[in-house]
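Secondary and tertiary structure notes
One-letter residues, chain by chain:
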Amino acid sequence: MDTKPHTDIGIWYSTWYAKTTDFSKSNRENTWTAWNIAVEPLLPDGSFGTYDSIDPNIISFHLELMAEIGIDFIIMDQTNNIDVDGGYINARSLMTAKVLKEYNDAPEHTHKLRYCSAIGGIQWTRDYATIEKEAKLLYERYVQSDFGSSDYHYTVDGKPLLIVYAGNSGDADGWANYAGDKTYSSRFTLGWANNASEAGCYGWAFDKGTKWHPETVVVMPGWDNRKGAKPVPRDGGRWYDQSWQVVLDADRSPERIVINSFNEYAECTAVFPALTENYPNMPYTNPKGDFDSYYYWNLTREYIRRFKAKFGE
(Lines give C-alpha, C1' and ligand atoms only; values in the text may rest on other atoms or scores of the structure.)
Protein backbone atom coordinates (compact mmCIF):
# COMPACT_ATOMS: atom_id res chain seq x y z
CA MET A 1 0.00 0.00 0.00
CA ASP A 2 1.38 3.41 -0.98
CA THR A 3 1.84 5.85 1.87
CA LYS A 4 1.73 9.56 1.18
CA PRO A 5 5.04 11.19 2.13
CA HIS A 6 4.95 13.56 5.08
CA THR A 7 6.19 17.15 4.76
CA ASP A 8 8.37 18.15 7.70
CA ILE A 9 7.98 21.72 8.88
CA GLY A 10 11.13 23.27 10.33
CA ILE A 11 11.95 26.64 11.81
CA TRP A 12 15.20 28.52 12.42
CA TYR A 13 15.81 28.91 16.15
CA SER A 14 18.23 31.40 17.70
CA THR A 15 19.97 30.16 20.86
CA TRP A 16 22.27 33.13 21.36
CA TYR A 17 20.27 35.27 23.79
CA ALA A 18 22.23 35.70 27.01
CA LYS A 19 20.90 37.61 29.99
CA THR A 20 23.15 37.09 32.99
CA THR A 21 22.95 40.80 33.95
CA ASP A 22 20.49 43.55 33.12
CA PHE A 23 22.71 46.27 31.72
CA SER A 24 25.88 44.75 30.28
CA LYS A 25 26.94 45.70 26.76
CA SER A 26 28.67 42.33 26.32
CA ASN A 27 26.67 40.07 24.03
CA ARG A 28 27.66 36.99 26.07
CA GLU A 29 26.25 38.64 29.20
CA ASN A 30 23.22 40.48 27.80
CA THR A 31 22.65 40.05 24.08
CA TRP A 32 19.53 42.20 24.13
CA THR A 33 21.29 45.35 25.29
CA ALA A 34 24.54 44.61 23.43
CA TRP A 35 22.72 44.36 20.09
CA ASN A 36 20.09 47.01 20.90
CA ILE A 37 17.24 44.54 20.39
CA ALA A 38 14.20 46.43 21.65
CA VAL A 39 11.87 43.43 21.47
CA GLU A 40 10.01 41.83 24.36
CA PRO A 41 9.03 38.24 23.51
CA LEU A 42 6.23 36.30 25.16
CA LEU A 43 7.28 34.60 28.41
CA PRO A 44 5.88 31.43 30.03
CA ASP A 45 3.79 33.39 32.55
CA GLY A 46 1.99 35.29 29.78
CA SER A 47 3.95 38.52 30.24
CA PHE A 48 6.45 39.95 27.77
CA GLY A 49 10.15 40.46 28.41
CA THR A 50 13.66 39.32 27.59
CA TYR A 51 15.17 35.97 28.56
CA ASP A 52 18.29 33.82 28.55
CA SER A 53 18.35 31.02 25.95
CA ILE A 54 19.97 28.67 28.47
CA ASP A 55 16.87 28.69 30.69
CA PRO A 56 15.21 25.23 30.46
CA ASN A 57 11.81 26.75 31.25
CA ILE A 58 12.09 29.08 28.26
CA ILE A 59 13.20 26.26 25.96
CA SER A 60 10.36 23.99 27.11
CA PHE A 61 7.86 26.80 26.62
CA HIS A 62 9.08 27.39 23.08
CA LEU A 63 9.01 23.68 22.23
CA GLU A 64 5.47 23.30 23.55
CA LEU A 65 4.15 26.17 21.43
CA MET A 66 6.02 24.96 18.36
CA ALA A 67 4.61 21.46 18.76
CA GLU A 68 1.14 22.90 19.23
CA ILE A 69 1.10 24.50 15.77
CA GLY A 70 2.78 21.58 13.99
CA ILE A 71 6.49 22.39 13.84
CA ASP A 72 8.53 19.21 13.36
CA PHE A 73 12.13 20.36 13.73
CA ILE A 74 14.25 23.33 14.73
CA ILE A 75 17.45 24.60 13.13
CA MET A 76 19.77 25.94 15.82
CA ASP A 77 21.69 28.86 14.36
CA GLN A 78 25.39 28.38 15.13
CA THR A 79 26.57 30.09 11.96
CA ASN A 80 28.88 32.56 13.71
CA ASN A 81 31.37 29.77 14.56
CA ILE A 82 30.65 26.97 17.03
CA ASP A 83 32.72 28.35 19.91
CA VAL A 84 32.46 32.06 19.19
CA ASP A 85 32.76 34.36 22.22
CA GLY A 86 33.84 31.66 24.61
CA GLY A 87 31.26 29.15 23.42
CA TYR A 88 28.28 30.86 25.03
CA ILE A 89 26.01 30.15 22.03
CA ASN A 90 27.04 26.50 21.81
CA ALA A 91 26.37 26.09 25.53
CA ARG A 92 22.81 27.30 24.94
CA SER A 93 22.43 25.09 21.89
CA LEU A 94 23.53 22.06 23.91
CA MET A 95 20.99 22.95 26.58
CA THR A 96 18.30 23.21 23.91
CA ALA A 97 19.14 19.71 22.63
CA LYS A 98 19.07 18.31 26.16
CA VAL A 99 15.72 19.90 26.96
CA LEU A 100 14.32 18.68 23.64
CA LYS A 101 15.26 15.13 24.65
CA GLU A 102 13.43 15.57 27.95
CA TYR A 103 10.47 16.99 26.08
CA ASN A 104 10.30 14.06 23.62
CA ASP A 105 10.79 11.50 26.40
CA ALA A 106 7.74 12.77 28.29
CA PRO A 107 4.85 10.43 27.34
CA GLU A 108 2.30 13.24 27.41
CA HIS A 109 4.07 14.93 24.49
CA THR A 110 2.70 13.06 21.50
CA HIS A 111 4.04 15.46 18.85
CA LYS A 112 7.80 14.96 18.92
CA LEU A 113 10.28 17.55 17.69
CA ARG A 114 13.80 17.16 16.36
CA TYR A 115 16.78 19.52 16.23
CA CYS A 116 19.69 20.11 13.91
CA SER A 117 22.35 22.80 13.62
CA ALA A 118 23.57 25.28 11.05
CA ILE A 119 27.26 26.18 10.82
CA GLY A 120 28.90 29.06 8.98
CA GLY A 121 32.58 29.49 9.70
CA ILE A 122 33.31 29.16 5.99
CA GLN A 123 31.76 32.57 5.35
CA TRP A 124 34.90 34.08 6.94
CA THR A 125 37.63 31.53 6.26
CA ARG A 126 36.56 30.81 2.65
CA ASP A 127 38.13 27.42 3.22
CA TYR A 128 36.10 24.21 2.82
CA ALA A 129 38.23 22.59 5.52
CA THR A 130 36.23 24.70 7.98
CA ILE A 131 33.14 22.63 7.22
CA GLU A 132 34.95 19.44 8.22
CA LYS A 133 36.29 21.08 11.39
CA GLU A 134 32.84 22.24 12.52
CA ALA A 135 31.22 18.94 11.53
CA LYS A 136 33.67 17.13 13.82
CA LEU A 137 32.76 19.39 16.74
CA LEU A 138 29.04 18.89 16.21
CA TYR A 139 29.36 15.14 15.72
CA GLU A 140 31.30 14.74 18.97
CA ARG A 141 29.10 17.06 21.01
CA TYR A 142 25.67 16.20 19.66
CA VAL A 143 25.49 12.99 17.62
CA GLN A 144 27.69 11.04 20.04
CA SER A 145 25.47 11.93 22.99
CA ASP A 146 22.32 10.54 24.57
CA PHE A 147 20.36 13.18 22.61
CA GLY A 148 22.06 12.40 19.31
CA SER A 149 19.86 9.62 17.93
CA SER A 150 17.15 10.07 15.31
CA ASP A 151 14.64 10.27 18.18
CA TYR A 152 15.99 13.77 18.77
CA HIS A 153 18.36 14.81 15.96
CA TYR A 154 16.62 15.56 12.67
CA THR A 155 17.77 13.29 9.86
CA VAL A 156 17.65 13.45 6.06
CA ASP A 157 18.45 10.40 3.95
CA GLY A 158 19.32 8.43 7.04
CA LYS A 159 21.92 10.85 8.41
CA PRO A 160 21.77 13.82 10.81
CA LEU A 161 21.14 17.03 8.89
CA LEU A 162 23.84 19.71 9.01
CA ILE A 163 23.16 23.02 7.31
CA VAL A 164 26.06 25.08 6.01
CA TYR A 165 25.53 28.83 5.75
CA ALA A 166 28.11 29.82 3.17
CA GLY A 167 27.25 33.50 2.75
CA ASN A 168 28.69 34.48 -0.61
CA SER A 169 31.82 32.35 -0.34
CA GLY A 170 30.94 28.69 -0.91
CA ASP A 171 28.31 26.31 -2.21
CA ALA A 172 27.42 22.68 -2.80
CA ASP A 173 29.26 22.52 -6.14
CA GLY A 174 32.47 23.82 -4.59
CA TRP A 175 32.14 21.34 -1.75
CA ALA A 176 31.60 18.46 -4.18
CA ASN A 177 34.89 19.36 -5.87
CA TYR A 178 36.77 19.74 -2.59
CA ALA A 179 39.32 16.92 -2.25
CA GLY A 180 40.18 17.44 1.40
CA ASP A 181 39.21 15.36 4.43
CA LYS A 182 35.47 14.69 4.79
CA THR A 183 35.54 12.06 7.54
CA TYR A 184 33.07 13.77 9.84
CA SER A 185 31.11 15.82 7.33
CA SER A 186 30.29 12.59 5.46
CA ARG A 187 28.46 11.39 8.57
CA PHE A 188 25.90 14.16 8.00
CA THR A 189 23.57 15.04 5.17
CA LEU A 190 24.62 18.56 4.24
CA GLY A 191 22.09 21.23 3.39
CA TRP A 192 23.01 24.71 2.22
CA ALA A 193 22.00 28.26 3.04
CA ASN A 194 23.27 31.38 1.28
CA ASN A 195 22.31 34.90 0.27
CA ALA A 196 21.14 34.06 -3.25
CA SER A 197 17.45 33.19 -2.66
CA GLU A 198 18.32 29.85 -4.23
CA ALA A 199 15.61 27.22 -4.65
CA GLY A 200 16.22 24.16 -2.49
CA CYS A 201 18.37 25.97 0.07
CA TYR A 202 17.41 26.20 3.74
CA GLY A 203 17.78 30.01 3.87
CA TRP A 204 18.82 32.77 4.29
CA ALA A 205 17.09 36.04 3.45
CA PHE A 206 15.23 35.06 0.26
CA ASP A 207 14.89 38.74 -0.57
CA LYS A 208 14.04 37.77 -4.15
CA GLY A 209 11.03 35.79 -2.99
CA THR A 210 10.22 32.21 -2.08
CA LYS A 211 11.15 29.58 -4.67
CA TRP A 212 9.33 26.26 -4.86
CA HIS A 213 11.50 23.14 -4.80
CA PRO A 214 10.55 19.47 -4.31
CA GLU A 215 12.93 19.07 -1.37
CA THR A 216 13.04 22.30 0.64
CA VAL A 217 11.03 25.53 0.47
CA VAL A 218 11.80 28.55 2.69
CA VAL A 219 9.04 30.90 3.82
CA MET A 220 9.83 34.20 5.50
CA PRO A 221 7.80 37.13 6.90
CA GLY A 222 10.41 39.82 6.16
CA TRP A 223 14.05 40.61 6.76
CA ASP A 224 16.27 43.53 7.78
CA ASN A 225 19.84 43.10 8.95
CA ARG A 226 20.30 46.85 9.52
CA LYS A 227 23.72 46.78 7.84
CA GLY A 228 23.04 48.60 4.61
CA ALA A 229 21.46 45.75 2.67
CA LYS A 230 18.06 46.43 1.15
CA PRO A 231 15.45 45.18 3.63
CA VAL A 232 12.42 43.03 2.88
CA PRO A 233 9.47 44.91 4.44
CA ARG A 234 6.81 42.85 6.19
CA ASP A 235 4.09 45.05 4.74
CA GLY A 236 1.48 44.04 7.28
CA GLY A 237 1.93 40.32 6.57
CA ARG A 238 1.72 40.57 2.79
CA TRP A 239 5.27 39.32 2.17
CA TYR A 240 4.63 36.34 4.44
CA ASP A 241 1.38 35.61 2.61
CA GLN A 242 3.12 35.71 -0.78
CA SER A 243 5.80 33.42 0.59
CA TRP A 244 3.33 30.81 1.81
CA GLN A 245 1.21 31.06 -1.34
CA VAL A 246 4.10 29.59 -3.31
CA VAL A 247 3.65 26.45 -1.23
CA LEU A 248 -0.14 26.53 -1.13
CA ASP A 249 -0.51 27.09 -4.88
CA ALA A 250 1.76 24.18 -5.82
CA ASP A 251 0.23 20.96 -7.09
CA ARG A 252 2.29 18.84 -4.70
CA SER A 253 3.96 19.23 -1.35
CA PRO A 254 7.74 19.52 -0.80
CA GLU A 255 9.71 17.28 1.54
CA ARG A 256 10.30 20.19 3.91
CA ILE A 257 9.04 23.69 4.61
CA VAL A 258 11.49 25.86 6.55
CA ILE A 259 10.29 29.00 8.32
CA ASN A 260 12.80 31.78 8.83
CA SER A 261 12.44 32.28 11.76
CA PHE A 262 11.13 31.65 15.27
CA ASN A 263 13.11 34.31 17.12
CA GLU A 264 15.83 35.89 14.97
CA TYR A 265 15.33 39.46 16.14
CA ALA A 266 18.70 40.82 15.00
CA GLU A 267 17.76 40.33 11.33
CA CYS A 268 14.04 40.83 11.94
CA THR A 269 12.66 37.53 10.63
CA ALA A 270 10.90 36.34 13.81
CA VAL A 271 7.29 35.17 14.04
CA PHE A 272 7.06 34.29 17.75
CA PRO A 273 4.71 36.53 19.79
CA ALA A 274 6.42 39.68 20.99
CA LEU A 275 5.99 43.36 21.72
CA THR A 276 7.69 45.17 18.84
CA GLU A 277 6.43 48.74 19.13
CA ASN A 278 9.93 49.95 20.04
CA TYR A 279 11.64 48.00 17.25
CA PRO A 280 10.64 49.67 13.97
CA ASN A 281 12.67 47.29 11.77
CA MET A 282 10.34 44.41 12.70
CA PRO A 283 6.79 45.71 13.17
CA TYR A 284 4.23 43.13 14.21
CA THR A 285 1.41 44.99 12.47
CA ASN A 286 -1.60 43.70 10.58
CA PRO A 287 -2.70 44.98 7.14
CA LYS A 288 -4.53 47.87 8.86
CA GLY A 289 -1.30 48.99 10.52
CA ASP A 290 -2.35 47.98 14.03
CA PHE A 291 0.23 46.39 16.33
CA ASP A 292 -0.60 42.81 17.28
CA SER A 293 1.92 40.80 19.31
CA TYR A 294 0.40 37.49 18.17
CA TYR A 295 -0.24 38.41 14.55
CA TYR A 296 2.65 36.53 12.89
CA TRP A 297 2.36 33.53 15.18
CA ASN A 298 -1.32 33.23 14.39
CA LEU A 299 -0.55 33.61 10.68
CA THR A 300 1.99 30.81 10.95
CA ARG A 301 -0.53 28.58 12.69
CA GLU A 302 -3.12 29.29 9.99
CA TYR A 303 -0.74 28.72 7.08
CA ILE A 304 0.32 25.37 8.52
CA ARG A 305 -3.32 24.42 9.02
CA ARG A 306 -4.17 25.35 5.43
CA PHE A 307 -1.18 23.46 4.10
CA LYS A 308 -2.07 20.31 6.01
CA ALA A 309 -5.71 20.58 4.94
CA LYS A 310 -4.82 20.92 1.26
CA PHE A 311 -2.27 18.12 1.12
CA GLY A 312 -3.90 15.76 3.60
CA GLU A 313 -1.15 15.93 6.18
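Residues numbered from 1 in each chain as written. Predicted model: local features only at pLDDT ≥ 70, side-chain atom pairs only at ≥ 80, totals over all residues. Heavy atoms only, no water.

Looking at the pattern of salt bridges
The full count for this structure, using the stated rule, is nine salt bridges. Between Lys101 and Asp105 there is a salt bridge, with the nearest N and O atoms lying 2.7 Å from each other. Highlighted residues: Lys101 and Asp105, both in helix H3 (residues 88–105), separated by four residues, approximately one helical turn. Between Lys208 and Asp207 there is a salt bridge, and its shortest N-O distance comes to 3.8 Å. Residue Asp207 is classed as partly exposed on the basis of its relative accessible area of 32%. (Salt bridge = Lys/Arg side-chain N within 4 Å of Asp/Glu carboxyl O. Helix = DSSP H or I, 4+ residues; strand = E, 2+ residues; numbered from the N terminus. Buried < 20%, exposed > 50% of the residue type's maximum accessible area, 1.4 Å probe, protein only.)

With respect to the nonpolar core
Counting residues in hydrophobic clusters, the biggest one holds 99 residues, and the most contacted among them are Met66 and Tyr265. Other than its neighbours up to four places away in sequence, Met66 contacts Ile11, Tyr13, Ile71, Ile74, Leu113, Phe262 and Trp297. (Core = buried A, V, L, I, M, F, W, Y, C linked by side-chain atoms within 4.5 Å. Contact = heavy atoms within 4.5 Å.)

Some remarks on empty space enclosed by the protein
Taken as a whole and assessed by the stated rule, the structure comprises one cavity of 30 Å³ or more. What the largest cavity holds in volume is close to 30 Å³. What lines the largest cavity is Tyr115, Ser117, Leu138, Tyr142, His153, Leu161, Leu162 and Phe188. Of all the secondary-structure elements, those providing two or more residues to the lining of the largest cavity are strand S4 (114–119), helix H5 (129–143) and strand S6 (159–165). Among the residues forming the lining of the largest cavity, the class breakdown is six nonpolar, two polar and no charged. (1 Å grid on protein atoms, 1.4 Å probe; cavity = no way out; pocket = protein on both sides within 12 Å on 5 of 7 lines; lining within 4 Å. Points joined across faces, edges and corners; volume = space filled by probe spheres on them. Nonpolar A, V, L, I, M, F, W, Y, C, P; charged D, E, K, R; others polar.)

Quick word on the layout of surface pockets
By volume, the largest pocket amounts to about 580 Å³. What lines the largest pocket is a set of 20 residues, and nearest its centre among them are Tyr165, Trp204, Asn225, Lys227 and Glu267. Taken together, the residues of the lining of the largest pocket sort by class into nine nonpolar, five polar and six charged. Within this model, the second largest pocket holds a volume of roughly 360 Å³.

Some words on the environment of Lys227
Inspection of the secondary structure assignment puts Lys227 in the loop between strand S8 (216–219) and helix H7 (238–248). Overall, the relative accessible area of 70% leaves Lys227 in the exposed class. Residues Lys227 and Asn30, spaced 197 residues apart in sequence, show a C-alpha to C-alpha distance of 21 Å.

Remarks on the packing of helix H2 (residues 56–69) against H3
The N-to-C vectors of H2 and H3 enclose an angle of 55 degrees; their axes lie 10 Å apart at closest approach. Here H3 runs oblique to H2, going by the angle between their axes. The handedness of the crossing between H2 and H3 is right-handed. Residue-level contacts link Pro56, Ile59, Ser60, Leu63, Glu64 and Ala67 of H2 to Met95, Thr96, Val99, Leu100 and Tyr103 of H3. For the contact of H2 with H3, the residue count by class is eight nonpolar, two polar and one charged. (Axes fitted to C-alpha atoms, helices over the stretch in contact; angles between N-to-C directions. Parallel < 35°, antiparallel > 145°, perpendicular 65-115°, else oblique. Left-handed = near helix turned anticlockwise from the far one by under 90°.)

Focus on the side chain of Arg234
Within the secondary structure, Arg234 sits in the loop between S8 and H7. With sequence-adjacent residues up to four places away left out, Arg234 is seen in contact with Pro221, Gly222, Trp239, Cys268, Thr269, Ala270, Met282, Pro283, Tyr284 and Tyr296.

Some details on unusual backbone geometry
Backbone geometry follows two general trends: most residues other than glycine have a negative phi, and most peptide bonds adopt the trans configuration. Of note, the amide linkage connecting Asn260 to Ser261 takes the cis form, showing an omega dihedral of 10 degrees. Among the structural elements, Ser261 can be located in the loop between strand S9 (256–259) and strand S10 (274–275). The backbone of Asn81 shows a phi angle near 90 degrees, a positive value even though the residue is not glycine. Along the chain, Asn81 falls in the loop between strand S3 (73–78) and H3. Look at Arg126: it is not a glycine, yet its phi comes out positive at around 55 degrees. Looking at the element boundaries, Arg126 is found in the loop between helix H4 (122–125) and H5.

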